[in-house]
Amino acid sequence: MSTSKIAITCVLVTAACMCVTLAEDARTPPVALRAHNIVVPPDTGPVSGLTVVNLLDTAYSGKVTVKLPSGWKADKTTFDVSLKPRETKHIPFALEKAIARKTHVYPYIITAVGGGQTVAVEQQVICATSPYVKPKIDGDISEWLEDAVPVTFVCKGKKTVVRTFWNKRNYCLSVEVQEDKFDPGADAIQFALASGKASTGKLPNDKTARHEFVVVGGKCYQIAKPGTPLGDTQKPANLPAEPVAKAEVAVKREKDITRYEISVPIRPMRSELKPTTGREYRFGVLVHDPDGTGVREMGLVAAPLPGACNKYAWSKWVGAKFPDKPLLDSKLEWGFCTSIH
Ligand SMILES: [Ca+2]
Ligand SMILES: [Ca+2]
């Protein structure tokens, strides 16, 4: 195949997901490619990976190559891949040398040559990690600015920034929501935490694997625990009468930004999250802004693959306005670390 003829044509640019698919022609690409989030600071030598999805009803075999940021090294960067029709495979590799950047976003180019086509994807891979810090939950997020990794996404021109911490007692997050109007009774943050091995099922009798929370009206409520049939999560549930014991929430509004600072006890989630430095877990955030942008999905930052939406990804609750379409999964790769310094 002649790669010299490849006109690098941008066939898909989704600003919000910061990924660009570069394809040589207008044919349907045979595979979809995605690099996993980096779940601990990259200069600590983490295991990382790729996902390759065969989009065809026929078998695929090809060579997948990942071009890392300059100066980075991995144990392996070229992989022979054979996929059955519609099969998805995860390919691990270890970063042996990497240099952290202040932006915490890393450009990868992933190329698959096979089936008579070359597919090249440029992806801005995010570092998605929670340093060990105990914040003061008071609505002032200054302690997050130097010590947490911001994950930023844009929905209808409005910015959202999510940061996470963990410590002995709590899982903590701060969310900055740019919005024209703040309605304390309706604007909300929904977030989910699960084991690093968890995935979302596709059938109503499959069970949830996540702890799921809603922060609204200055309180934090738990709306799902592991083991609930997925079908039940789609009947809008009343929020529990009592908020989560020992959870803390502070909300402050400044100009057009609403700032949430949230902590929930980590102990009830210990068996799923196993919080220790270096451990991977799953995390997701939805922002509810019914008087503005509607539902915002953090999943957009992680270059979602085709088929990443799942109608069971998030639990419905009374008072929330969910779109009719399925949402992106609530289980992004995330990790516990000690510090980003
Ligand atoms: Ca604070
Ligand atoms: Ca709003």
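Residues numbered from 1 in each chain as written. Chains lettered and ligands numbered in written order. Predicted model: local features only at pLDDT ≥ 70, side-chain atom pairs only at ≥ 80, totals over all residues.

Participant: What is the right way to look at the overall build of the protein chain in this model?
Facilitator: Each helix and strand counted, the protein chain has two helices and 24 strands in total. On C-alpha atoms alone, the protein chain measures out to a radius of gyration of 20 Å, which is about the 20 Å that the 2.2 N^0.38 rule sets for 341 residues. Dimensions of the protein chain, computed from the C-alpha atoms along their principal axes, are close to 65 × 45 × 40 Å. Of all 341 residues assigned to the protein chain, the portion counted as buried reaches 41%. Considering only intrachain contacts with a sequence separation of at least 6, the fraction spanning at least 24 residues in the protein chain is 67%. (Helix = DSSP H or I, 4+ residues; strand = E, 2+ residues; numbered from the N terminus. Rg over C-alpha atoms; globule rule 2.2 N^0.38 Å. Buried ≥ 20, exposed ≤ 12 C-beta atoms within 10 Å, placed from the backbone. Contact = placed C-beta atoms within 7 Å.)

Participant: Sorry, what's going on with the domain arrangement of the protein chain here?
Facilitator: Put simply, an interface is often sized by how much accessible area is lost when its parts join up. Under the domain assignment, the protein chain is made up of domain 1 (3-126) and domain 2 (130-336). With 17 residues of domain 1 at the contact, the number on the domain 2 side is 18 residues. Looking at the side of domain 1 that touches domain 2, the elements with two or more residues in it are β3 (31-35), β4 (47-54) and β10 (117-126). Looking at the side of domain 1 that touches domain 2, its residues break down into eleven nonpolar, five polar and one charged. (Domains from an automatic or database assignment. Nonpolar A, V, L, I, M, F, W, Y, C, P; charged D, E, K, R; others polar.)

Participant: So what exactly am I meant to see when it comes to the nonpolar core here?
Facilitator: Among the nonpolar cores identified, the biggest contains 86 residues, and L33, I189, F213, V215 and I262 are the most heavily contacted of them. Sort the elements by how many residues they give to this core and strand β15 (residues 188-195) lands first, with six residues. Residue-level mapping places this core at the junction of two domains, with at least three residues from each of domain 1 (3-126) and domain 2 (130-336). In this structure I189 touches V175, V215, Y260, I262, V285 and V287, once residues within four positions along its chain are discounted. (Core = buried A, V, L, I, M, F, W, Y, C linked by C-beta atoms within 7 Å.)

Participant: Explain the pairing of strand β21 (residues 294-297) here, please?
Facilitator: Taken residue by residue, a regular strand's side chains alternate between the two faces of the sheet. In terms of strand pairing, strand β20 (residues 280-289) meets β21 through four bridges, oriented antiparallel. Counted as the bridge partner of H288 is V295 from β21. (Pairing = 2+ DSSP bridges.)

Participant: Sorry, what's going on with unusual backbone geometry here?
Facilitator: Although it is not a glycine, H104 adopts a positive phi angle of roughly 60°. Looking at the secondary structure, you find H104 in the loop between β8 (88-97) and β9 (105-114). Phi is positive for K246, close to 70°, though the residue is something other than glycine. Turning to its location among the elements, K246 is positioned in the loop between β17 (219-224) and β18 (248-254). Judged by local crowding, K246 falls into the partly exposed class, with 13 C-beta atoms found within 10 Å.

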